[in-house]
Amino acid sequence: MERFVEDYQKRRLTERVDIITAINILRSQGYDPDELIGEITKVFYVDLDAYNEIVMAA
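To keep things clear, this report deals only with the structure shown in the data block.

Let's shift gears to the nonpolar core. Leu13, Ile19, Ala22, Ile23, Leu26, Tyr31, Leu36, Ile40, Val46, Ala50, Tyr51 and Ile54 form the largest nonpolar core, which has 12 residues in total. Listed by contribution, the elements that provide at least two residues to this core are helix H1 (16–28), helix H2 (33–43) and helix H3 (48–57). The element contributing the most residues to this core is H1, with four residues. Each residue touching Ile40, except ones within four places of it in the same chain, is listed here: Leu13, Ala22, Ile23, Leu26, Val46 and Tyr51.

Tallied over the entire structure, the rule returns three salt bridges. In this structure, the salt-bridge partner of Asp18 is Arg11, at a minimum N-O distance of 3.4 Å. Given the relative accessible area of 24%, Asp18 is considered partly exposed. Overall, the relative accessible area of 47% leaves Arg11 in the partly exposed class.

What counts, and at which threshold
Residues numbered from 1 in each chain as written. Predicted model: local features only at pLDDT ≥ 70, side-chain atom pairs only at ≥ 80, totals over all residues. Heavy atoms only, no water. Core = buried A, V, L, I, M, F, W, Y, C linked by side-chain atoms within 4.5 Å. Buried < 20%, exposed > 50% of the residue type's maximum accessible area, 1.4 Å probe, protein only. Helix = DSSP H or I, 4+ residues; strand = E, 2+ residues; numbered from the N terminus. Contact = heavy atoms within 4.5 Å. Salt bridge = Lys/Arg side-chain N within 4 Å of Asp/Glu carboxyl O.

Given below as structure tokens:
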């Protein structure tokens, strides 16, 4: 699914619960783990440290 979002429209994902929710939504849509960060950053500004902690724990 193509998503086109201007940078000024991007929401910040800094809370772990929000990052987990985004990851779960993308997984439910069939995205592979290697594709997750690319897809999330198309739509959101993501706290990469928190993202990496979540992905490594899963």
